[in-house]
Amino acid sequence: MNILIKNARVVDSSQDFNGDILIEDGIIKEVGLDLSKEGIEVIDAKGLTVMPTFIDTHAHFREPGLTYKEDIETGSRAALRGGYTGVCLMANTQPICSSKEVLERVRNREKELDLVDLHQCVSVTKGFNGKDLSHLDDFASDERLKAISDDGVGVMDSEIMYEAMNKAKENNWIIMSHAEDRGFSDIDMTMAENIMTLRDTYLAKETGARLHMCHVSTKEAISYIREAKEEYDNITCEVTPHHICLTKEVNNYRVNPPIREREDVDAIIKAIKDGVVDCIGTDHAPHTKDDKEKGSPGMVGLETSFSICYTSLVKSGAITLNRLSEIMSKNTAKILGMNKGLISPGFDGDLVILNLDKKIKVDSNEFHSKARNTPFEGMEFYGEVKMTIRKGKVLYKK
Ligand code: DOR
Ligand code: ZN
Ligand code: ZN
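Where an unreviewed UniProt entry is consulted, the chain appears under the name Dihydroorotase, with the organism given as Clostridium sartagoforme. What UniProt states about the chain under its Sequence similarities (unreviewed entry) heading is, verbatim, "Belongs to the metallo-dependent hydrolases superfamily. DHOase family. Class I DHOase subfamily."

Shown next, in the form of structure tokens:
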């Protein structure tokens, strides 16, 4: 668990310099110039960039129950290949994660594998039935539970969402909202997102609960969040790489929320620039070819996230690499309560080594995920993950 990285361009949300990083016992010990240490593995990162690993606020690993699409091991390996060492998992497994049994099963598997730090969400409503919150009492004393979510469907009933927010507040949980009014899903997916974004930001103001808006994708939704955040500090939001990079005229790949118009994408990117967007969440949603043909929405995201964000946001000149590190590492780690996201003594020794000049062509056959569902096949982006280190251990190497 000891490593010395030499001669790297060291970048996190607040620094960008050429130097060295020493990790001891899995923790960052020293950051600076001309560091040395006897009898330790040394990685020469000359010409390469070292950043804190990425942390994902939103992914689907499908275990238990849907492991023909993905499982915790393949999902974790996909994360590592994408430079991620922390992932928050949604509750739409089979069964839905509404019980201690399912939650413990995921946690045990995470511990057994010891690849990536996971945070498993519990559902807001029992089995996603939209009504029953009684199971939440079983988790009142769960020290590790950070977030609850019905992502995949959302909570339709406003009174239930209000009660859920009160419970979340009592227990200090974040409530992660998949904003979709299903009454509008077949009619107008923009209205579907906007209405629920208005409702949930309003309820968060009323209750004071910690609300996290998932995969924000419309110009109206981000403007409601912008306004709410000006007044209150209990709201955060994430955007996905695909909603930043694609417009529906170019590639209307099936995903929920759908790929939007140019003006929505521009509004989202502006909100990233302005500091309104807190973080990137991949919404990694693995499906088989068969399931995609039957209409399952979503795409895998962990292995392409950095290159897409780096190319669309940093190479394009919209934001700095520091700001990208803030939204992919610092802020996501903070939201999930992980001791990661910065290259500073005392933080976990979780680092990603990147070749920013390298152009990569997306080839889904190289994915470590079980799934291949990506709209980015054959597309070229800058920025290759060369190595992912977690707690001082190299867990992925190109
Ligand atoms: O595209 C999506 N896929 N949106 C969701 O809300 C769920 C997800 C999934 O689980 O496949
Ligand atoms: Zn969702
Ligand atoms: Zn999702």
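**Quick word on the coordination of the zinc ion (ligand 3)**
The protein atoms that coordinate the zinc ion (ligand 3) are His58 (NE2), His60 (NE2), Asp151 (OD) and Asp283 (OD), at distances of 2.0 to 2.2 Å. The site at the zinc ion (ligand 3) holds four donor atoms, and with the angles between them running 86 to 177°, its shape is irregular. Taken in chain order, the donor set of the zinc ion (ligand 3) reads H-x1-H-x90-D-x131-D. Between the zinc ion (ligand 3) and the zinc ion (ligand 2), a spacing of 3.5 Å is present, and a bridge between the two is formed by Asp151. Of the two residues, His58 is situated in strand E6 (residues 54-59) and Asp283 in the loop between strand E13 (279-280) and helix H8 (289-293); the sequence distance between them amounts to 225 residues. This pair shows no difference in class: His58 is buried, exactly as Asp283 is.

**Section: helix H4 (residues 189-207)**
Taking 1.5 Å per residue, 19 residues should reach 27 Å; H4 reaches 27 Å between its end C-alpha atoms and fits that length. By the burial criterion, the buried members of H4 are Ala192, Glu193, Asn194, Met196, Thr197, Arg199, Asp200, Thr201, Leu203, Ala204 and Thr207. Of the surrounding secondary structure, the elements contacted by the buried residues of H4 are helix H3 (158-171), strand E10 (174-177), strand E11 (210-213), helix H5 (219-231) and strand E12 (235-239). Structurally, the start of H4 carries an N-cap: the backbone nitrogen of Thr190 is 2.9 Å from a side-chain oxygen of Asp188. Phi turns positive, to about 80°, at Gly208, one or two residues after H4.

**What to know about the side chain of Ser369**
Examined against the element boundaries, Ser369 turns out to sit in the loop between strand E14 (351-361) and strand E15 (380-390). When sequence neighbours within four positions are dropped, the list of residues in contact with Ser369 reads Glu70, Thr74, Ala78, His284, Pro286, Val300 and Glu303.

**Considerations on helix H2 (residues 100-113)**
With 14 residues, H2 extends 20 Å between its outermost C-alpha atoms, agreeing within 8% with the 20 Å of an ideal straight helix rising 1.5 Å per residue. Residues Val102, Leu103, Val106, Arg107, Glu110 and Leu113 constitute the buried set of H2. Burial along H2 is one-sided: seen end-on, the buried residues are contained in an arc of 130°. Summarising the geometry of H2, the exposed residues directed more than 90 degrees from the buried face are Glu101, Lys111 and Glu112. If you follow the buried residues of H2, they end up packed against helix H1 (72-81), strand E7 (84-89) and strand E8 (117-120). Backbone geometry just after H2 places Asp114 at a positive phi near 55°.

**What about the sheet that holds E8?**
The sheet built from three strands is open, its strands ordered E6-E7-E8 with parallel pairing. Every interior strand has two partners, whereas the edge strands, E6 and E8, have only one. When the angles between neighbouring strand axes are averaged without regard to direction, this sheet yields 15°.

**Concerning the pairing of E10**
Because side chains alternate across E10, one face comprises the buried residues Ile174 and Met176, and the other comprises Ile175 and Ser177, equally buried. The pairing of strand E9 (residues 147-149) with E10 spans three bridges and is parallel. Bridge assignment links Ser149 to a residue of E10, and that residue is Met176. For the crossover from E9 across H3 to E10, the handedness is right-handed. In the sheet, E10 pairs with E11 via four bridges, with the strands oriented parallel. Considered in E11, the bridge of Ser177 is made with Met213. After leaving E10, the chain enters H4 and then returns to the sheet as E11, a path that is right-handed.

**Remarks on the sheet that holds E9**
The strand order across the open sheet formed by five strands is E9-E10-E11-E12-E13, and the pairing between neighbours is parallel. Either end of the sheet is taken by a strand with one partner, and the two such strands are E9 and E13. Two strands pair when backbone bridges link them, and E11 and E12 are joined in this way by three bridges, in the parallel orientation. Across the sheet, residue His212 finds its bridge partner in E12, namely Thr236. On the sheet, H5 packs against E11 and E12 and is oriented at approximately 150° with respect to E12.

**A closer look at the coordination of the zinc ion (ligand 2)**
Around a metal, the ideal angle is 109.5 degrees if four donors adopt a tetrahedral arrangement and 90 or 180 degrees if six donors adopt an octahedral arrangement. The coordination sphere of the zinc ion (ligand 2), as far as protein atoms go, consists of Asp151 (OD), His178 (ND1) and His215 (NE2), spread over 1.9 to 2.1 Å. All donors of the zinc ion (ligand 2) belong to a single chain; written as a sequence motif, their spacing is D-x26-H-x36-H.

**Looking at the UniProt feature "active site" (unreviewed entry) in the chain**
Using the residue numbers shown here, the UniProt feature "active site" (unreviewed entry) corresponds to Asp283. Excluding anything up to four places from it in sequence, Asp283 contacts His58, His60, Asp151, His215, Thr240, His242, Asn256 and Met299. At 3.0 Å, the side chain of Asp283 forms a polar contact with the side chain of His60.

**Points about the packing of H5 against helix H7 (residues 262-273)**
For the pair H5 and H7, interaxial distance at closest approach is 8 Å and the crossing angle is 25°. Taken together, H5 and H7 sit at an angle that is classed as roughly parallel. Across the interface between the two elements, Lys219, Glu220, Ile222 and Arg226 of H5 pack against Glu263, Asp264, Ala267, Ile268, Lys270 and Ala271 of H7. Taken together, the residues that form the contact of H5 with H7 break down as four nonpolar, no polar and six charged.

The rules behind these values
Residues numbered from 1 in each chain as written. Chains lettered and ligands numbered in written order. Predicted model: local features only at pLDDT ≥ 70, side-chain atom pairs only at ≥ 80, totals over all residues. Heavy atoms only, no water. UniProt positions renumbered as here; feature names shortened; annotations may be inferred. Donors = N, O, S within 2.8 Å, 3.2 Å for Na, K, Ca; no water. Tetrahedral: all angles 85-135°; square planar, octahedral: opposite > 155°, others 65-115°. Helix = DSSP H or I, 4+ residues; strand = E, 2+ residues; numbered from the N terminus. Buried < 20%, exposed > 50% of the residue type's maximum accessible area, 1.4 Å probe, protein only. Expected span 1.5 Å × (residues − 1). Contact = heavy atoms within 4.5 Å. Polar contact = N/O pair within 3.5 Å; in protein donor to acceptor, adjacent residues only side chain to side chain. Arc of directions from axis to C-beta. Pairing = 2+ DSSP bridges. Axes fitted to C-alpha atoms, helices over the stretch in contact; angles between N-to-C directions. Right-handed = clockwise from strand over helix to strand, strands pointing away. Parallel < 35°, antiparallel > 145°, perpendicular 65-115°, else oblique. Nonpolar A, V, L, I, M, F, W, Y, C, P; charged D, E, K, R; others polar.

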